[in-house]
Amino acid sequence: MSARAFLDVEASATGRRWVGPGVEADRMAEAMVQETRLPLPLARLLVARGVAAADAARFLEPQLRDLLPDPLALKDMGRAAARFLRAVAGREAIAVFADYDVDGGASAALLTVWLRAMGRRATLYIPDRIDEGYGPNEAAMAMLAEGHRLIVCVDCGTLSHAPIAAARGADVLVLDHHLGGETLPPALAVVNPNRADETGDLGHLCAASVVFLMLVEANRQLRAEGAEGPDLMAMLDLVALATVADVAPLVGVNRALVRQGLRVMARRERPGLVALADVARMDRAPNTYHLGFLLGPRVNAGGRIGAADLGARLLATDDPHEAAALAERLDALNTERREIENRVRDAALAQAEARGLEGPLVWAAGAGWHPGVVGIVAARLKEATNRPAVVIGVEGGIGKGSARSVAGVDLGAAVQRLAAEGLIVKGGGHRMAAGLTVAEGQIEAAMARLAELLARQGAGAAGPRELRLDGLLMPAAATPALIEEIEKAGPFGQGAPAPRFAFASAEVTGARRIGENHLRFSLGDGRTRLDAVAFGAFDGPLGPLLASPGAARFHLAGRLETNSWGGRSRVQLRLEDAARA
């Protein structure tokens, strides 16, 4: 029999069963408080992360020097760094072929910035999403090989056998993190923690982190020769942005990279990120929310619906005037992208609902759906249904789609299986996201087979969705000091969510609609009141439930945050769920 639901909430307003810390976790948290004198909410969070009391201090102050892996732990790394340095020393023409998303753009920017510090430059090539699609293609690689001795493929290339073979006369380095196949392409080096012959211990790294490790090894080889390489710590803002935007789990070295990268970004030294933060109207020190929801989408906007190289150029430039112009253009493209996304999302959701949302896979396909937004819409479907989702845009008899997964379901491997079985033209990715190209006439068969493969992994298994909570709080305990303590366990994001607390039998007052569909209100227990906000509340059941609460009391669940407005900072609850008490 399953444990009793937290606060007896078996079915909340959003249909979720609340699950709190178990008896053993509570006991371990109390013991940690006694040993470390940390606040109980923070101790509960550390216990949930699997941190022992003896390791708490080290976890709360992660040091990159302790967590950064030896670059040579990755196969082909020494060869890649040596060939890269030989091209630099010999003033060979270098080309960087990058993916068109944030991870690809940041990876290209890392190489560009490093080379500029060494007095060198590289040709940047980013394929057009619509005309060329993802990854190297034969025409582009052959063209680059005519004028360059070295081509570095970043965030792509692991499955590009024919395109890399087409780069005759040039050496090719692949610095990637996408799932590899049974064989490697004919590159001089393929550095990828997700190669089939790797251990997988570093499989959580994004491509920019792989590039960063290659530059660490390059600097080490330079030092061995008595030379000094560029300052890599100053480049961690790019690694942090890529890690968060690519939804890499914030565990282990990723957590340390992002933590240090946020500090670098707060210094506002990179013209492109400064300009982007300004157009996004960021008014405080950057955090993972800013990277994932304000900066990342704007960098991505060029690759989605504009010129593919805009994001990489913005991240790499050292000219504030160029940065300002690029940021303005990306901001405008992002606004346009949102409008396109909303149209496709509404059509995709209606189609998916008509097909049914109870299976192991939710999918939709439509003629003329812009391929630049299908990935975002797939993510929206996944969030709405808690199931893997695929959205496909069809043009000229060919469908180009993006897929997003849920925890515990390896989507990339399943998509690669479709390609191996001949049901799709090509496809690949990693556990949480994948892309695919499929003939229009094969879409139904391919999605049926994908659903079958995902069902074997437990996708769509019956049972109510769960909302995991890190404990109960009184409104008086929700203080700036508590938030400051909790943030020591951050940064929070994929694989390391910010703690979610419940407030029991709270009185809801002052509820008012703000903007188009948001709700602001106050909660209290008769002694202390706490501000709260529920974004998108009127798109679901929370808005109607809480807008006119009457005398009813509610159990409320969400995350604490600091709301800064008009020069004042106050703690507020960002509401995620509610249930009648």
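Everything that follows concerns the structure shown earlier in this document.
Note that the structure is a prediction, hence the values are computed from the model and not measured. (Residues numbered from 1 in each chain as written. Predicted model: local features only at pLDDT ≥ 70, side-chain atom pairs only at ≥ 80, totals over all residues. Heavy atoms only, no water.)

1. A few points about helix H11 (residues 252–266)
Note the following rule: Helix and strand assignments follow DSSP, with helices taken as H or I runs no shorter than four residues and strands as E runs no shorter than two, numbered in order from the N terminus. Expected span of a helix: the number of residues minus one, times 1.5 Å. Each residue is placed in one exposure class: buried if its accessible area under a 1.4 Å probe, protein chains only, is under 20% of its type's maximum, exposed if it is over 50%, and partly exposed if it falls in between.
The terminal C-alpha atoms of H11 lie 22 Å apart, and with 15 residues this matches the ideal 21 Å at 1.5 Å per residue to within 8%. In terms of burial, H11 is a largely internal element, 11 of the 15 residues being buried. Those residues of H11 that sit buried are Val-253, Asn-254, Arg-255, Ala-256, Leu-257, Val-258, Arg-259, Gly-261, Leu-262, Val-264 and Met-265. A positive backbone phi angle near 55° is found at Arg-268, which sits one or two residues after H11.

2. Topic: the side chain of Asp-101
This is how the line gets drawn: Asp and Glu count as negative and Lys and Arg as positive, but His and the ends of the chain are not part of the count. For this analysis, a salt bridge means a side-chain nitrogen from Lys or Arg found within 4 Å of a carboxyl oxygen belonging to Asp or Glu. Under this definition, polar contacts are N or O atom pairs within 3.5 Å; protein pairs additionally need one hydrogen-donor-capable and one acceptor-capable atom, and for neighbouring residues in sequence, both atoms have to be side-chain atoms. The contact criterion used throughout is that any non-hydrogen atoms of two residues lie within 4.5 Å.
One can find Asp-101 in the loop between strand S2 (94–98) and helix H6 (102–117). Although Asp-101 is buried, it forms no salt bridge, and the closest oppositely charged side chain is Arg-129 at an N-O distance of 7.0 Å. Within the local environment of Asp-101, its side chain forms a polar contact with the backbone nitrogen of Gly-104, the two atoms lying 2.8 Å apart. If we ignore the near neighbours within four places in the chain, the residues touching Asp-101 are Asp-155, Asp-246 and Asn-300.

3. A short note on the side chain of Glu-561
Locating Glu-561 in the fold gives a position in strand S16 (residues 553–565). One polar contact links Glu-561 to Gln-572, side chain to side chain, over a distance of 2.6 Å. Polar side-chain contacts of Glu-561 include one of 3.0 Å to the side chain of Arg-574. The contacts of Glu-561, once residues within four sequence positions are left out, are Ile-483, Val-533, Arg-570, Val-571, Gln-572 and Arg-574.

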